Amino acid sequence: MALVGRALLILGLGVSVYGIGASLYGALQGGQRWVDSGRRAVYALAGVMTLAFVILEAAFLRSDFSFNVVAGHSSTTTPTFYKATAAWSSQEGSLLLWVWLLSLWSSLILFLTRRKVREITPYATAVLLGFATFFGSLTAFFANPFATTANPPSEGAGLNPLLRHASMMFHPPMLYSGYTLLAIPFAFAIGALITRRLNSEWIQVTRRFALAAWLFLGIGILLGARWSYTELGWGGYWAWDPVENAALMPWLCCTAFIHSIMIQEKRGMLKVWNASLILASGTLAVLGTFLVRSGILDSIHAFGASTLGVPFVILLGVMVTGSVALIIWRRADLRSDSQLDSLLSREAVFLFQNLVLVGMTFVIFWVTFFPLISEALTGTKVSVGPPAFRPFIVPLALVLVLLSGVGPLIAWRRVTAANLRRSFAFPVAAGLVALVVLLLVGGVSKRPFALAMFCLGTFVIASVGQELWRGVRARRAMTRDPVPRAFLQLIRRNRRRYGGYIVHAGLAVLLIGVAASSSFQHSHDVVLRPGQQAVVDGYRITYVRPIARATAEKISFGAVLDVAKGGRHVQTLTTTRGFYPAQDPTLGVVGRFFNGEEESQVGLRAGLTKDIWTVISPDLTPIQPLINQGDQVFLKAMSAAAALPPAQARAQITNLFAARDAAIGALADRWVRHPWAAEFLLIVSPLVTWIWLGAIVIAIGGLIALWPVPVLARRRATSAYAARLARELA
Amino acid sequence: MDFVIVLVILAAVVYVVSAPLRRTGEAAPSPGAEIADLEAAREAKYREIRDAELDHRTGKLSDDDFEAIDRSLRAEAIEILQALDGAKAERAG
């Protein structure tokens, strides 16, 4: 079936190239049939890529190690869930995932618009198939997931232990869904610019795809943060790692876009801005994929340097140059239809918010790429970390939160001073109360930025709460519904507005969690023997006993810790460090266990107010002489076995494998019976859970905003207004 | 066997992609660019009217401000409806 898979990649490439030609020919010669054929090429591509992906998945699930990618990223002992998701842990599989998702979303938008925006869709189809051609070429010729070996190994290398985490398995599909969904409004923007159809129609047909891209990208980013916190063993959730930033930049740009398109829809303003934002978002999405593939910037996430760098640079160059050229070419058609009525209006708030979001994107882009630029100019690569970002991002984040609370309180077009007082009174009071209360709490005033975030977050939550309450009250005044029904109907009938408000509230909760956990964290690195204790933020943490486990797959050393406060038991935590054997036999039969991949299982007590987090780093020095001795013994035994006749050699080697397992078990046993001191990282961090809760609220709000209004309701609303306007006319 | 599977898939792809080219008769007419633009503008204007009403009901707009904005929005909506009627009549003609 590998041959079928490879053939499908080539077929997909051929269909993509045909589709580009058919769409452009149809557009230029006015032939709707050719345009329709180009659209069907996208459907066919989706079908072909689905089959290809199914073949790859089947190979992983049946552990077919004749496929190189399966041998390199899975094993017979890999749990079925991780086998199924290992397909995208490799470069080859992830690029196939990219094309597959792109083909699915492209098929969906083209089906939905088959009778709309007919001037734009041929060009949009060509752009989407252009992306498919690029990524399809990479999979067909540079990173073939269906490459096979004539001598398949009996066992695969297994999945990278760091990736054996549910969050990390969903993280790539979420991110790639975000990236590929961004290609949709990008392509339609290109089509709109080429055809000069720059009113809001192209925005209306692609708005939901931009919102879906924002939602999936955000979920992907937060899954990555969750993985970092619970798996990587450094105690944090965001390191301003280049690959983290690569996903954040298009998300920030897309956030700006989904806000400012509302202004274009309502007022015909910000056309240049919107076109630039979505073209930048799409380009940043491809840039994000490039950063992961090329290894151009040092990162713990990157796959390592590959041969894909040059093609990506060419594609990015084409996207940037083409986007700029198109906007300059069509600048006359991008003039606004109206002007800002007042600086005290929701339009103005959106505009300021967009400036903040673009500013954040620029800062992140500059600081992320600064090492590369420095290396290119001076030959010296510098490294930058979180301290380089904070002086800029923190103030901008505070302004962003402020604006996310102000926006819901202000009407479109203009607002009077009296209405401002009425709208702002409660949320401002809530923020001030938070300020007073927090100033009375010891230590908070020493962190002014965190204090500001707490107060502004309170302001936002209060403003959203007020808006929901006022909306329910207004609805009840009309319908006399009970409060729960009025609440549901209010949201149902105004999904965009209230979905957005809920997102703002979720963002406030999340950023309060970020501010608290990063500003008031207590962290200690300690070395403990069993029975010894350490104190962190008033919690007494006792190393109770060591634990260990040894299998042919890994050996892990760990510890059971008791957490107490004020003499009362709080929690028992377990943390382990797992060592997976390397494939290189020259590292020694025993030694290869300690020279391969490692992963941490953190001990975590998550609470609404505080997280208690710990990870162990066992020192292997005390057992290194035993490891070396074991390697020597096994080396001699293996050499002796090799000199035996084949049947005896096989039997002897089987015995040696059993002896190896016994030796590894003995090392584990030594850790338990004669434990030595181990290093622990102990962290007590407030409000980390608020980050994940805020993320859930954001996702709910995003889904509400994304959910389509039933067609019948839309038609009823339209005809109701038409009748009303007809009465006015009469 | 693999070769047969690939051939079948290829045939299916060619069939699907070439279907519009084998079609007899004209495709369903599209509403026209101007009409599509006006319909999109109409939907956006209705949404603006509803937003203004909601802003008024939730106290973000005073009665005077709401009346002024609502009047302006409805006038804009009427212009769009008139333009839409004209475009449809012209297309039908």
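What counts, and at which threshold
Residues numbered from 1 in each chain as written. Chains lettered and ligands numbered in written order. Predicted model: local features only at pLDDT ≥ 70, side-chain atom pairs only at ≥ 80, totals over all residues. Axes fitted to C-alpha atoms, helices over the stretch in contact; angles between N-to-C directions. Helix = DSSP H or I, 4+ residues; strand = E, 2+ residues; numbered from the N terminus. Parallel < 35°, antiparallel > 145°, perpendicular 65-115°, else oblique. Left-handed = near helix turned anticlockwise from the far one by under 90°. Nonpolar A, V, L, I, M, F, W, Y, C, P; charged D, E, K, R; others polar. Pairing = 2+ DSSP bridges. Contact = placed C-beta atoms within 7 Å. Buried ≥ 20, exposed ≤ 12 C-beta atoms within 10 Å, placed from the backbone. Domains from an automatic or database assignment.

Draft legend 1. Here's a closer look at the packing of helix 1 (residues 2–29) of chain A against helix 2 (residues 32–61) of chain A. All names here are of chain A. Two elements in contact, helix 1 and helix 2, have axes separated by 8 Å at closest approach and are oriented at 165°. It follows that helix 1 is roughly antiparallel to helix 2 by the angle criterion. Along this stretch, helix 1 crosses helix 2, giving a crossing that reads as left-handed. A class-by-class count of the residues in the contact of helix 1 with helix 2 yields 21 nonpolar, nine polar and no charged.

Draft legend 2. View of the sheet that holds strand 3 (residues 539–550) of chain A. Residues and elements named next belong to chain A. Read across the sheet, five strands follow the order 2-3-4-5-6 without closing on themselves; strand pairing throughout is antiparallel. Of all the strands in the sheet, the pair left with one neighbour each is strand 2 (533–536) and strand 6 (598–601). The sheet shows a mean angle of 25° between the axes of neighbouring strands, direction not considered. Inspection of the sheet shows strand 4 (residues 555–565) paired to strand 5 (residues 568–579) by 11 bridges, in the antiparallel sense. Among the inter-strand pairings, Phe 557 is bridged to a residue of strand 5, identified as Arg 577. Contacting strand 3 and strand 4, helix 19 (residues 646–673) crosses the sheet at an angle of about 160° to strand 3.

Draft legend 3. Quick look at the pairing of strand 8 (residues 610–618) of chain A. All names here are of chain A. Across the nine residues that make up strand 8, a large majority, eight, are buried. Relative to strand 8, strand 7 (residues 603–606) runs antiparallel, the two being bridged by four bridges. Considered in strand 8, the bridge of Leu 604 is made with Trp 613. In this antiparallel pair of consecutive strands, strand 7 and strand 8, the connection spans three residues. Judged from the nine bridges that link them, strand 8 and strand 9 (residues 678–686) form a sheet pairing that is antiparallel. Residue Ile 616 lies in a different strand from strand 9, and its bridge partner there is Phe 680.

Draft legend 4. Structural view of the domain arrangement of chain A. Residues and elements named next belong to chain A. Taken as a whole, chain A is organised into domain 1 (1–164) and domain 2 (522–688). Look at where the C-alpha atoms of domain 1 and domain 2 centre, and you get two points 41 Å apart. Across the contact, five residues belong to domain 1 and six residues belong to domain 2. Looking at side-chain class alone, the side of domain 1 that touches domain 2 contains three nonpolar, two polar and no charged residues.

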